[in-house]
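Residues per chain are reported as follows:
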Amino acid sequence: MKNVIVYTSNNCIYCSQAKEYLKENGVAYQERNIQEPNYRKELMAMKIMSVPVLKIDDEVVVGFNREKIDSLLGL
């Protein structure tokens, strides 16, 4: 099973779409809302300033890129 982390923010429509897509495909994930300062710092340490960001094992997907997500998750 892949380790999936989704960085989100409040009122981010693409974040909601990404989370819904993972749920529809039965993919368990941990949500990290960047309203929480520690999660915002994690994202900034990766030099990323936008959400959603999906971290699938060691691979990072910036934005809701369905093709890349499918490829990394084997969907």
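One can find the structure itself at the top, above this paragraph.
Position labels on residues start from 1 in each chain and follow its written sequence. Confidence filtering applies because this is a predicted model: local features only for residues at pLDDT of at least 70, side-chain atom pairs given and counted only at 80 or more, and all residues used for totals across whole chains, interfaces and linings. Hydrogens and water are ignored here; the side-chain numbers use all heavy atoms of the structure.

J.: Talk me through the sheet that holds strand β3 (residues 53-56); I want residue IDs and the actual numbers.
T.: Paired strands are those between which DSSP finds at least two bridges. What counts as a helix is a DSSP run of H or I of at least four residues, what counts as a strand is a run of E of at least two, and both are numbered from the N terminus. With mixed pairing, the 4 strands of this open sheet are ordered in space as β2-β1-β3-β4. Only two strands of the sheet have a single neighbouring strand rather than two, namely β2 (30-33) and β4 (59-62). Ignoring strand direction, the axes of neighbouring strands in this sheet form an average angle of 20°. Here β3 runs beside β4; their pairing, made up of 4 bridges, is antiparallel. Across the sheet, residue Ile-56 finds its bridge partner in β4, namely Glu-59. Lying over the sheet, helix α2 (residues 37-45) contacts β1 (4-8), β2 and β3, oriented at roughly 95° with respect to β2. Note on definitions: angles span 0 to 180 degrees between N-to-C directions of axes, and those axes are lines fitted to C-alpha atoms, for helices only across the stretch in contact. Contact between two residues is taken to exist if any of their heavy atoms lie within 4.5 Å; hydrogens are not considered.

J.: Break down the state of the cysteines for me, citing the residues and quoting the values.
T.: One way to say it: the disulfide is the covalent bond shared by the sulfur atoms of two cysteines. We call a pair of cysteine sulfur atoms a disulfide whenever their separation is within 2.5 Å. Considering all chains together, one arrives at 1 disulfide under this definition. Disulfide pairing places Cys-12 opposite Cys-15 at an S-S distance of 2.3 Å. Linking Cys-12 and Cys-15, the disulfide has an S-S dihedral of approximately 80° and is accordingly described as right-handed. Take Cys-12 and Cys-15: they sit in the same class, and that class is buried. Buried residues are those whose accessible area, probed at 1.4 Å on protein chains only, stays under 20% of the maximum for their type, while exposed residues exceed 50% and partly exposed ones sit between those limits.

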